[in-house]
Amino acid sequence: MPQPTPAAFADSLRVSDSLRTAADSLQGKTDSLAAAVDSLRDTTNAVQAAARDIGDASELLVQGRWDQFAAKVLETVSRMLLDFIPDLIKALVVFFLLFGLYKLARAVLQRIVRSSDRMDEGLKNLILRSFRIVGVLLIFVMVLAQFGIDITVLVGGLSIAGLAIGFAAKDTLENFISGVAIMLDRPFRVGD
């Protein structure tokens, strides 16, 4: 029986590692899919309960039983608020925490940028505006995540939209990036 060569052994180890990595990735995707199915099941149950409540309330409205209709509407609204309030509280806590951190980081960045003599005013404004846009988007996405909204879909959609806008505005973006490069390199100054 022939002995395996060291190269063949190394190849089989690489294949084995590759298969193990693929299996781990597949397990992660399976877990993610199971979580998405659970979330969808919870959402479906909530929608079905709301549909039942709306059907019951509309039936009471048609029959002219105003007091029972009002009680059903109040019961439905209070149940929906009780389901919504914990998410709202979490979202508010995350918003105020991240907004405070954003304000602190922005103040530090402004102090650093404004004290720099080497930076052009246009570049200073560009850095501060870019920081503001990124900070607000990050806070917005994190607050949405507290309501159970799947932000990966949102981020994926934004990246596809960004790619489409990038191709559509190729020349404009090219000129913008060239302008930023000129501000960074500073090959000339006012009065040259």
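Quick caveat, the model's predicted, so the values are computed rather than measured.

Enquirer: Give a description of the overall build of the protein that names residues and reports values.
Expert: A count of helices and strands for the protein gives five helices and zero strands. Reading the helices (α) and strands (β) of the protein from amino to carboxyl end gives α-α-α-α-α. Here the protein has a C-alpha radius of gyration of 28 Å; the compact-globule value for 192 residues is 16 Å, and the former is much larger. By the burial criterion, 10% of the 192 residues in the protein qualify as buried. Of the contacts made within the protein by residues no fewer than 6 positions apart, 54% connect residues no fewer than 24 positions apart. Total accessible area on the protein stands at roughly 15,000 Å², and carbon and sulfur atoms take up 69% of it. The averaged location of the 21 negative side-chain charges in the protein is 8 Å from the averaged location of its 20 positive side-chain charges.

Enquirer: Tell me what's going on with the pattern of salt bridges, and back it up with residues and numbers.
Expert: For the structure on display, the rule yields five salt bridges. Among the ionic pairs, Lys-90 bridges to Asp-87, the shortest N-O distance being 3.7 Å. Here Lys-90 pairs with Asp-87, and both are found in helix α2 (residues 66–115), just three residues apart, close to one helical turn. Overall, Asp-87 belongs to the partly exposed group, its relative accessible area being 23%. For the salt bridge of Arg-114 with Glu-121, the shortest nitrogen-to-oxygen distance reads 3.9 Å.

Enquirer: I'd love a proper account of the packing of helix α3 (residues 121–146) against helix α5 (residues 170–185), names of residues and values included.
Expert: Axis separation between α3 and α5 bottoms out at 9 Å; the angle between their running directions is 120°. By the criterion of interaxial angle, the relationship of α3 to α5 is oblique. By crossing handedness, the relation of α3 to α5 is classed as left-handed. Residue-level inspection shows Gly-122, Leu-123 and Leu-126 of α3 in contact with α5, the latter providing Phe-176, Val-180, Met-183 and Leu-184.

Enquirer: Mind laying out the packing of aromatic side chains, listing which residues take part and the relevant values?
Expert: If you walk through the whole model with that rule in mind, you get four aromatic pairs. Aromatic pair Phe-95 and Phe-96: ring centres 5.3 Å apart, planes at 70°, arrangement edge-to-face. Three or more aromatic residues joined by ring pairs make a cluster, and in this case those are Phe-95, Phe-96, Phe-99, Tyr-102 and Phe-131.

Enquirer: How would you explain α2 if you had to name every residue and give the values?
Expert: Taking 1.5 Å of rise per residue, the 50 residues of α2 would be expected to cover 74 Å, and the 68 Å separating its terminal C-alpha atoms lies within 8% of that figure. Every buried residue of α2 is accounted for by Lys-72, Thr-76, Ala-91, Val-94, Tyr-102 and Val-113.

The rules behind the values
- Residues numbered from 1 in each chain as written.
- Predicted model: local features only at pLDDT ≥ 70, side-chain atom pairs only at ≥ 80, totals over all residues.
- Heavy atoms only, no water.
- Helix = DSSP H or I, 4+ residues; strand = E, 2+ residues; numbered from the N terminus.
- Rg over C-alpha atoms; globule rule 2.2 N^0.38 Å.
- Buried < 20%, exposed > 50% of the residue type's maximum accessible area, 1.4 Å probe, protein only.
- Contact = heavy atoms within 4.5 Å.
- Areas by Shrake-Rupley, 256 points an atom, 1.4 Å probe, with all protein chains shown as cover.
- Lys, Arg positive; Asp, Glu negative; His and termini not counted.
- Charge placed at Lys NZ, Arg CZ, Asp CG, Glu CD.
- Salt bridge = Lys/Arg side-chain N within 4 Å of Asp/Glu carboxyl O.
- Axes fitted to C-alpha atoms, helices over the stretch in contact; angles between N-to-C directions.
- Parallel < 35°, antiparallel > 145°, perpendicular 65-115°, else oblique.
- Left-handed = near helix turned anticlockwise from the far one by under 90°.
- Phe/Tyr/Trp six-rings, centres within 6.5 Å; stacked < 30°, edge-to-face > 60°.
- Expected span 1.5 Å × (residues − 1).

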